[in-house]
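Geometric and topological summary
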Amino acid sequence: MKYINRPNQLIRSPFLFSMIVLCRSSMADGEPLASYQMDDFAGSANCALCHSSLTDEGGNDVSIDAHWRSTMMANSAKDPLWQAKVSSEVQRNPALKTVIEKKCATCHTPIARTQAIAHNEPVGLFDDGFLNNTNTYHVSAMDGISCTLCHQITPDGLGTNVSFSGGYVIDTNTVSPNRLIHGPFPNPFENQMRNNVGFTPVHGEQTLSSALCGTCHNLYTPYVDAAGVVQGEFPEQMVYGEWEHSGYNGGTENKSCQDCHMPVADGGVVLANRGVGLSQPARSPFGQHHFVGANVFMLDILSSNLVDLAVSASSAQLADTRQRTTDQLQLQAAELEVTALRVGTGTIEVGLHVKNLAGHKLPSGFPSRRSWLHVTIADHAGAVFFESGKPLPDGRIEGNDADIDITSCEPHYRVITQTNQVQIYESVMEDTDSNITYTLLRGAAYRKDNRLLPNGFDPVSAHPDIAVVGEASSDSDFIGGGDLITYKVNTESHLGPYDVSVELLYQPASWAFVQDLAADSSDEIGRFTGYYSGADHTPAMLVTNSATIDPSKVHLLSLPQKQTNPGMQLLVEGPTGGVVSVNWSSNLQHWTQLTTIEQTNSAVSVYDAGSSNMPTRFYRLGQP
């Protein structure tokens, strides 16, 4: 029997050779990376010995460990919300404790899970499981989704159903140093890695494939009825499937997961910082290990609780990942366009186009996330007389039905006219009794899924597991690439000009989801809810836009109530000297100019003889 050396403890291990040495780095705060050597895996610190202190041709630090260690991938097992949610699921379904913990361990503690199975030992999380610091596999479990996990996944079955829900394949039969570890570059230098960490590097095209990510980001979970009997499987998250059905999968966009989440360095990179590896040629393109998602909220919790959560990153490194996350959210996630501004007698109408720039639904993944439109309209004095989607300090959204009653949810809208109506892009589960639920194992179907579709996504041909659900499924303006929505607001006694401000906001954990979680009690739940109550609940801002409309400078188009001619008689009113075009369309997509007029003091009548044989005719004013 060999022994593993850990701080303040000595435990026995059956591994062929197993030594863990936790070497303190020069970081001012944060724990060191885990160093361990097991039959089939090595720790992130072992890999960092050679793959830190790397620079690209632009002189930028592209060290693998410095980027990875502060990501949610590295902290997959330390994530306090994940631990709390698993604890809650076990409490609500105690008979399925083993099933739940095995399922969740597969992608959140994958090294510990894979090694335990190879040794015919139990897989578990709580009690004496992986989260217990006396467990043989604890250190490797807390190493998260680490280097020797992803780089040992073979191409077997990738992109097929067998590979989803943690169906990655890792060879646990080959003995070190002949174990293969896959990378994106051909003809790798072998000796240094074989001698230092016991792996033989080989070229593996699968490391550049979205299907590799799909092993955990297409996830089916079992669901039960009210009696706790398993009834089937539920598509808890289908990020890979959404990408596969989009234009990013070889279509007009043609981008993989790695293209967005592992941005390419500036030129070539020498992959080792010591030994003969230093003399090897620089390799390009080098994917930086940013693994940026959207969870600024959790990064802040990790940063505020470094010691308590034993985070293996410094506050400075977490700040770097937070900034990269913010940049990606604000520069690459969405666009927001004001497509129309119209005023009538006592009304203002605002048309918005919300565009999804991501290669999957927005927001993606786990059904606790939501993105929404915050719209305000102010009058000439700056007084806001209309506001929809106001974020509240405690994490709620003003007017959202779910934040008033967690057994309900806000519908999808095509037109919003009231302040208590909010356009929220989210997925909401329901159980076998058609009640809204936040319990994953009760999630039998979606009540609502109007998350913004990626470009090229066809909702008609989409598989039911990635379908649009609820009111959005019948919204002809909710299509691949984005959503068109209109706000029609009564201006009452408020005088213009009117200032319109719009934000697309995001939260990774909705208020209702957290309230439901807090109904249970455990150490993990208590810890997370404590973090949550003390956290800053300001939502992440993805994109913003604004516009101003002055009624005194706007042309009005109207139809007289009585039409006596076979064609259509239109009436145009507007400011003196204004020039405007009148346009028509039969489908609201392609517009044809009917005429151009210069406005005078009186209304101008426009006759459209071509409309007499048209079943449907739309009109709008525009610039000539």
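Residues numbered from 1 in each chain as written. Predicted model: local features only at pLDDT ≥ 70, side-chain atom pairs only at ≥ 80, totals over all residues. Heavy atoms only, no water.

The helix and strand tally for the protein stands at 15 helices and 24 strands. Radius of gyration (C-alpha) of the protein: 28 Å, near the 25 Å computed for a compact globule of 624 residues. Considered along the principal axes of its C-alpha atoms, the protein spans approximately 100 × 60 × 45 Å. Within the span of the protein, comprising 624 residues, buried residues form 51% of the whole. A sequence separation of at least 24 residues applies to 64% of the contacts in the protein between residues at least 6 apart. Approximately 27,200 Å² of the protein is accessible, and the part contributed by carbon and sulfur atoms is 51%. Looking at charge distribution, the protein has the averaged site of its 37 positive side-chain charges lying 3 Å from that of its 65 negative ones. (Helix = DSSP H or I, 4+ residues; strand = E, 2+ residues; numbered from the N terminus. Rg over C-alpha atoms; globule rule 2.2 N^0.38 Å. Buried < 20%, exposed > 50% of the residue type's maximum accessible area, 1.4 Å probe, protein only. Contact = heavy atoms within 4.5 Å. Areas by Shrake-Rupley, 256 points an atom, 1.4 Å probe, with all protein chains shown as cover. Lys, Arg positive; Asp, Glu negative; His and termini not counted. Charge placed at Lys NZ, Arg CZ, Asp CG, Glu CD.)

Ordered in space as β22-β21-β24, the three strands form an open sheet in which the pairing is antiparallel. Edge positions in the sheet fall to β22 (592-598) and β24 (618-622), since each of these pairs with one other strand and no more. Neighbour-to-neighbour, the strand axes of the sheet open up by a mean angle of 25 degrees, direction not taken into account. In the sheet, strand β21 (residues 579-585) pairs with β22 via six bridges, with the strands oriented antiparallel. Looking at the pairing, W584 lines up with T592 of β22. (Pairing = 2+ DSSP bridges. Axes fitted to C-alpha atoms, helices over the stretch in contact; angles between N-to-C directions.)

Here we take up unusual backbone geometry. The omega torsion of the bond from S176 to P177 falls at 10 degrees, within 30 degrees of zero and hence cis. Relative to the helices and strands, P177 resides in the loop between α7 (147-150) and β3 (179-183). L362 connects to P363 through a cis peptide bond whose omega is 0 degrees. Mapped onto the secondary structure, P363 falls in the loop between β8 (347-356) and β9 (370-378). Backbone geometry at S53 places phi at a positive 55 degrees, although glycine is not the residue there. Locating S53 in the fold gives a position in the loop between α1 (44-51) and α2 (64-68). Using a relative accessible area of 60% as the deciding quantity, one classes S53 as exposed. The backbone of A310 shows a phi angle near 50 degrees, a positive value even though the residue is not glycine. Here A310 shows up in the loop between α12 (296-304) and α13 (315-332).

For the structure on display, the rule yields 10 aromatic pairs. One aromatic cluster is present, formed by F164, Y240 and W243 through successive ring pairs. It is R617 that lies over the ring of W584; its NZ or CZ is 3.5 Å from the centre. (Phe/Tyr/Trp six-rings, centres within 6.5 Å; stacked < 30°, edge-to-face > 60°. Lys NZ or Arg CZ within 6 Å of the ring centre and 35° of its normal.)

Counted as a void, the second largest pocket has a volume near 1,800 Å³. Taken together, 42 residues line the second largest pocket, and the ones lying closest to its centre are A340, R342, E349, Y619 and R620. For the lining of the second largest pocket, the elements supplying multiple residues, two or more each, are β7 (334-344), β8, β16 (482-490), β19 (556-558), β21 and β24. Per-element tally for the lining of the second largest pocket: the top contributor is β7, with six residues. (1 Å grid on protein atoms, 1.4 Å probe; cavity = no way out; pocket = protein on both sides within 12 Å on 5 of 7 lines; lining within 4 Å. Points joined across faces, edges and corners; volume = space filled by probe spheres on them.)

Right, let's talk about the pairing of strand β6 (residues 230-238) for a bit. Bridge count between strand β5 (residues 218-224) and β6: seven bridges; the pairing is antiparallel. Looking at the pairing, Y220 lines up with P235 of β6. Between β5 and β6, which follow one another and run antiparallel, lie five residues, and G228 among them has a positive phi close to 85 degrees.

Further remarks concern the state of the cysteines. Under the definition given, this model contains one disulfide. There is no disulfide at C147, and the cysteine sulfur nearest it, in C47, is 4.0 Å away. (Disulfide = S-S within 2.5 Å.)

On to empty space enclosed by the protein, then. Applying the stated rule across the entire model yields two cavities of 30 Å³ or more. Forming the walls of the largest cavity are 13 residues, and the residues nearest its centre are E426, S427, V428, Y438 and S510. Counting residues per element, the lining of the largest cavity draws most heavily on strand β12 (residues 424-430), at four residues. Of the residues that constitute the lining of the largest cavity, the class distribution is seven nonpolar, three polar and three charged. Roughly 40 Å³ of volume is contained in the second largest cavity. Taken together, P235, E236, Q237, M238, E242, K361, G365, Y446, D449, R451, D465 and I466 make up the lining of the second largest cavity. Counting only elements with at least two residues in the lining of the second largest cavity, the list comes to β6 and β14 (445-449). At four residues, the largest contribution of residues to the lining of the second largest cavity is made by β6. Along the lines of polarity and charge, the residues of the lining of the second largest cavity split into four nonpolar, two polar and six charged. (Nonpolar A, V, L, I, M, F, W, Y, C, P; charged D, E, K, R; others polar.)

Averaged over all residues, the pLDDT of the protein equals 92, while 94% of them reach at least 70. When the criterion is pLDDT under 50, residues 1-27 qualifies, and its contacts beyond four places in sequence or with other chains add up to 74 contacts. (pLDDT = per-residue confidence, 0-100.)

Next up on the list: the environment of G166. Along the chain, G166 falls in the loop between α7 and β3. Separated by 58 residues in the primary sequence, G166 and H108 place their C-alpha atoms 9.8 Å from one another. Contacts of G166, omitting those with residues within four sequence positions, involve T106, C107, R113, T215 and C216.

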